[in-house]
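Residue-level structure breakdown
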There are 2 protein chains.
Amino acid sequence: MDVDARKLRILQAIVEDYILSNTPVGSRTLSKTSGLGVSSATIRNEMADLTEMGYLIQPHVSAGRVPSAKAYRLYVTQLLPQGMHEEELTSARRAFTSRVRDMESLVSQGAAAISDLTHYTALVLTPRQSDLTVRSLHLVPVGRERALLVIVTDSGVIRDTSIRVSSRLDAQALYTIGQMLTERMRGLTLREVREMLYGYAASSDADARVLSGIADLAAQVEKQTGSDRVMVGGAHSILYYPEYADVCRARAFMDALERKDSLIAMLRQGEDQLSVRIGTETGIPEFSDCSVITAPYRIGRGHTGVIGIIGPTRMPYARMLDMMRMFSQEMTAALSVKE
Amino acid sequence: MDVDARKLRILQAIVEDYILSNTPVGSRTLSKTSGLGVSSATIRNEMADLTEMGYLIQPHVSAGRVPSAKAYRLYVTQLLPQGMHEEELTSARRAFTSRVRDMESLVSQGAAAISDLTHYTALVLTPRQSDLTVRSLHLVPVGRERALLVIVTDSGVIRDTSIRVSSRLDAQALYTIGQMLTERMRGLTLREVREMLYGYAASSDADARVLSGIADLAAQVEKQTGSDRVMVGGAHSILYYPEYADVCRARAFMDALERKDSLIAMLRQGEDQLSVRIGTETGIPEFSDCSVITAPYRIGRGHTGVIGIIGPTRMPYARMLDMMRMFSQEMTAALSVKE
DNA sequence: TGTTAGCACTCGCAAGCATCGAGTGCTAAC
DNA sequence: GTTAGCACTCGATGCTTGCGAGTGCTAACA
């Protein structure tokens, strides 16, 4: 059997009706409201075909039809209405840019901002940074035996951590050490820096305090740069959708959000382009009734992070895709201006 | 009427039974399980008195009794069992200290750690910092026209923000400016620094770039130090309590957690000592079925932050009080070692 | 005078049952 | 190919009923 033009139009009407109403769509209501100009009986016939083909699901024999994941997939791939809601988009853009003005807040508050503006749960994956190259290193005294290590990379990203240093080192000495480290490490990747520092810790004949300081530093650098980090914003948004009126489901959803490693894997998969994953396509069982829209953002030369939203499969895809595309552009723009 | 010793014992038994079971406590079960050595009829008489006095509530005539907020208050004030669960406490202490090893993670991850260990929603209020005094300032170049401003205070707290600076300033110039600023501002409070910087911005005859950089900086300092910040951890913990099986209630709870200003006001109220607030004592309508336990922690000389947990009034108060006391000690210890 | 056994009574809860109505599938007519 | 008509399905709603945990009261007892 073939999905002809009329079937497509009916399917589109069902999906869009269901997205708004969250109740099974009946043939009678559809023939009245959709403006297709055919009677309910005709629509019933087509619906029977679409059900047979797996695009529609009947919760029970005397209820209307509900779109399946396959239907959403078809809808997103072929049926998305284009270029609407310009005014909504520009106001969201304004709200977003005014909130994430500086780079630090971009990643930490980005998730909250995206969630606020979409009313879905937002995910932000920070770029992996082991292969950024170092531009300079600085040591700033912050107290007895403590210094702040600042690493400036060629993408302008700062990683700063507090480390322990020898009490014999004053501000001037730390400044000099910073310059020395900069000279030796400029142009190396963070991974190389980490390995070099482990080398130092093993071979240097300086006193134990400096040794342990450097080892500390290496460990910190490794921890902070080697692995992806993911931020979740607005997890409670899900409670506003009737799909999650059951607390057990909401709980399972939120627990899944805590398992950062699987989230990271999911986000990394759609790393290079705007993508929609529907139901089981997410690869996470708890999200099999959800859809995930992800978009990459770039920081410096080719290092990508990912932003995403997650919500019930019943989602206004067109609007959300436009929004995510916009957020991605804004994040990338914000991060490249600051270099 | 008087609350005699036997009434107290019965009330204690009811509260503790209810905390575990979350079902109204009946006279028959109580006489069998509590080991009070009196019959159910006697307990019924006492229960009737306690109900009349406002300590117990009857959901309906043929259900057992449920403790009122007044009962919890009496329980917390007079009836708390002392010095138990040492082993649980030490294991929690170990888990906590291993997770919040350095100062940066202490505040940001503290909320998550406390929530994980208590299974309640955790709150961490950062100390107000406008009256810390400055020890030194540093400017670190992080890219074209951008520098990292690091403020070191006498409590060892670092506030760092990224600011815009003139492109004509290289690393050496920034270092010198940092030294100059340090000389002028050492010993001033952050508030004075902010005002001084506004003065600079208004009066200086340097070029516009430096002016705007300084103004930027002043605004940032004001933003980051003037106001309290509160972190919420484990908001979804609430979903595990049957009291919040209704999604509407859970939603109201989480929405209330988003209103940071009222949270801050609540936390600041119990600022100086370990405190329990029950039901309406929290001062937040959405939390009128909740209890809040807060404990102060100290950073440097006298600057206090507050940690707290929030959950249903049906809460194992003795254990949680011990835990919060411990967390408060650990936070204070961790923050004073790092000075 | 305080405690206890006994008993009638209350009322939420779950199960059973009838009713309702939105929506379907099928058939026959257009 | 489309449509009107009609019997049928089945979840949702609402009502009744029986059950049982728990109460309050009374009278007997120590």
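First, a word on scope: everything that follows refers to the structure included in this document. (Residues numbered from 1 in each chain as written. Chains lettered and ligands numbered in written order. Predicted model: local features only at pLDDT ≥ 70, side-chain atom pairs only at ≥ 80, totals over all residues. Heavy atoms only, no water.)

So, about the sheet that holds strand β10 (residues 303-312) of chain A. Residue and element names in this part refer to chain A. Taken in spatial order, the 5 strands of this open sheet run β7-β3-β10-β9-β8, and their pairing is antiparallel. The sheet terminates laterally at β7 (230-233) and β8 (275-278), the two strands that pair on one side only. Each adjacent strand pair in this sheet contributes to an overall mean axis angle of 20°, direction not counted. Examined bridge by bridge, strand β9 (residues 290-299) and β10 share 10 bridges and lie antiparallel to one another. Residue pairing for β10: I293 is matched across the bridge by I309. (Pairing = 2+ DSSP bridges. Helix = DSSP H or I, 4+ residues; strand = E, 2+ residues; numbered from the N terminus. Axes fitted to C-alpha atoms, helices over the stretch in contact; angles between N-to-C directions.)

The next subject is the protein's contact with DNA strand D. As a matter of local geometry, DNA strand D sits amid 20 residues, with R6, T42, V61 and S62 of chain A together with S27 of chain B nearest to it. Counting only atoms of DNA strand D within 4 Å of the protein, the fraction found in sugar and phosphate groups is 77%. One nitrogen or oxygen atom from the side chain of R44 of chain B is found 3.1 Å from a base nitrogen belonging to DNA strand D. Backbone polar atom of A63 of chain B to a sugar or linking oxygen of DNA strand D: 3.4 Å apart, as the coordinates give it. For the surface near DNA strand D, the elements supplying multiple residues, two or more each, are α3 (40-52) of chain A together with α3 (40-52) of chain B. Of the residues forming the surface near DNA strand D, the biggest block, 4 residues, is contributed by α3 of chain A. The residue inventory of the surface near DNA strand D, partitioned by class, reads 6 nonpolar, 10 polar and 4 charged. (Near = heavy atom within 4 Å. Polar contact = N/O pair within 3.5 Å; in protein donor to acceptor, adjacent residues only side chain to side chain. Nonpolar A, V, L, I, M, F, W, Y, C, P; charged D, E, K, R; others polar.)

Residues and elements named next belong to chain B. Judged by how many residues are buried, strand β3 (residues 121-125) sits mostly within the fold: 5 of 5 residues are covered. Of the two faces of β3, the one carrying T121, L123 and L125 and the one carrying A122 and V124 are both buried. With 5 bridges connecting them, β3 and strand β10 (residues 303-312) associate as antiparallel partners. For A122, the partnering residue across the bridge sits in β10 and is I309. Looking at chain direction, β3 and strand β7 (residues 230-233) are connected through 4 bridges and run antiparallel. If you follow L125 over to β7, its bridge partner there is V230. (Buried < 20%, exposed > 50% of the residue type's maximum accessible area, 1.4 Å probe, protein only.)

On to the layout of surface pockets, then. All names here are of chain A. Approximately 510 Å³ is the volume found for the second largest pocket. Around the second largest pocket, the lining comprises 23 residues; the ones closest to its centre are E16, I19, L20, P316 and R319. Secondary structure elements with two or more residues in the lining of the second largest pocket: α1 (5-21), α2 (27-33), α6 (103-118) and α12 (317-337). (1 Å grid on protein atoms, 1.4 Å probe; cavity = no way out; pocket = protein on both sides within 12 Å on 5 of 7 lines; lining within 4 Å. Points joined across faces, edges and corners; volume = space filled by probe spheres on them.)

This part is about helix α5 (residues 86-99) of chain A. All names here are of chain A. Taking 1.5 Å as the rise per residue, α5 with 14 residues should run 20 Å; its terminal C-alpha atoms sit 20 Å apart, in good agreement. Considered for burial, the residues of α5 that qualify are L89, A92 and F96. Each buried residue of α5 sits inside an arc of 65° when the element is viewed along its axis, so together they form one side. With respect to the buried face of α5, the exposed residues turned more than 90 degrees away are E87 and R94. (Expected span 1.5 Å × (residues − 1). Arc of directions from axis to C-beta.)

Residues and elements named next belong to chain B. Ordered by their spatial adjacency, 5 strands build an open sheet running β7-β3-β10-β9-β8, and the pairing between neighbours is antiparallel. The open sheet has two edge strands with one neighbour each: β7 and β8 (275-278). When strand polarity is set aside, the average angle formed by the axes of neighbouring strands in this sheet is 20°.

Applying the stated criterion to the full structure yields 0 disulfides over all chains. C290 of chain A takes part in no disulfide bond, and the closest cysteine sulfur, belonging to C248 of chain A, lies 15 Å away. (Disulfide = S-S within 2.5 Å.)

The next subject is the protein's contact with DNA strand C. Around DNA strand C sit 20 residues in total, of which S27 of chain A together with R6, T42, V61 and S62 of chain B are the nearest. Within 4 Å of the protein, the contacting atoms of DNA strand C are 79% sugar and phosphate, with bases supplying the remainder. Those elements that provide at least two residues to the surface near DNA strand C are α3 of chain A together with α3 of chain B. For the surface near DNA strand C, the element with the highest residue contribution is α3 of chain B, accounting for 4 residues. Taken together, the residues of the surface near DNA strand C sort by class into 6 nonpolar, 10 polar and 4 charged.

Any two packed helices are characterised by how steeply their axes cross, that is the angle between the axes, and by the distance between the axes. Across the interface, helix α7 (residues 171-185) of chain A lies against helix α7 (residues 171-185) of chain B with an axial gap of 13 Å and an inter-helix angle of 165°. Comparing their axes, α7 of chain B and α7 of chain A come out roughly antiparallel. Both α7 of chain A and α7 of chain B take part in a crossing whose hand is right-handed. Listed contacts from α7 of chain B to A171, Q172, Y175 and Q179 of chain A of α7 of chain A are A171, Q172, Y175 and Q179 of chain B. Within the contact of α7 of chain A with α7 of chain B, the residues separate by chemical class into 4 nonpolar, 4 polar and no charged. (Parallel < 35°, antiparallel > 145°, perpendicular 65-115°, else oblique. Left-handed = near helix turned anticlockwise from the far one by under 90°. Contact = heavy atoms within 4.5 Å.)

Next up on the list: the pattern of salt bridges. Applying the stated criterion across every chain yields a total of 20 salt bridges over all chains. A salt bridge links R73 of chain B to E281 of chain B; the nearest nitrogen and oxygen atoms lie 2.6 Å apart. Taken as a pair, R73 of chain B in helix α4 (residues 69-79) and E281 of chain B in the loop between β8 and β9 (290-299) lie far apart in primary sequence, 208 residues in all. Salt bridges here are not isolated pairs; linked through shared partners, they connect R6, K7, E46 and D49 of chain A. (Salt bridge = Lys/Arg side-chain N within 4 Å of Asp/Glu carboxyl O.)

Non-glycine residue N22 of chain A carries a positive phi angle of around 60°. Position of N22 of chain A among the secondary structure elements: in the loop between α1 and α2.

In this section: the packing of helix α1 (residues 5-21) of chain B against α4 of chain B. Residue and element names in this part refer to chain B. Orientation of α1 relative to α4, taken along the N-to-C sense of each, is 110°, at an axis distance of 10 Å. In terms of axis orientation, α1 runs roughly perpendicular to α4. Once α1 is placed against α4, the crossing between them reads as left-handed. Together, L8, L11, Q12, V15, E16, Y18 and I19 of α1 and A71, Y72, L74, Y75, Q78 and L79 of α4 make up the contact between the two elements.

This next bit is on the packing of aromatic side chains. For any pair of aromatic rings, the description consists of the separation of the ring centres together with the inter-plane angle of the planes. Scanning all chains against the criterion turns up 13 aromatic pairs over all chains. With centroids separated by 5.4 Å and ring planes inclined at 55°, the aromatic side chains of F253 of chain A and F287 of chain A adopt a geometry described as tilted. Taken together, the residues span a long stretch of sequence, with F253 of chain A in helix α10 (residues 247-258) and F287 of chain A in the loop between β8 and β9 at a distance of 34 residues. Look at F253 of chain A and you get buried, because its relative accessible area is 1%. Residue class for F287 of chain A comes out buried when judged on its relative accessible area of 0%. Between Y120 of chain B and Y241 of chain B, the ring centres sit 5.1 Å apart and the planes meet at 5°, which makes this aromatic pair stacked. Here Y241 of chain B lies in the loop between β7 and α10 (247-258) and Y120 of chain B lies in the loop between α6 (103-118) and β3, a separation of 121 residues in the sequence. Classification of Y120 of chain B as buried rests on a relative accessible area of 4%. Taken together, Y72, Y75 and Y317 of chain A form an aromatic cluster joined through their ring pairs. Its guanidinium or amino end placed over the ring of Y244 of chain B, R249 of chain B lies 5.1 Å from that ring's centre, counting from NZ or CZ. Between the NZ or CZ atom of R251 of chain B and the centre of the ring of Y240 of chain A, over which it lies, the distance is 4.9 Å. (Phe/Tyr/Trp six-rings, centres within 6.5 Å; stacked < 30°, edge-to-face > 60°. Lys NZ or Arg CZ within 6 Å of the ring centre and 35° of its normal.)

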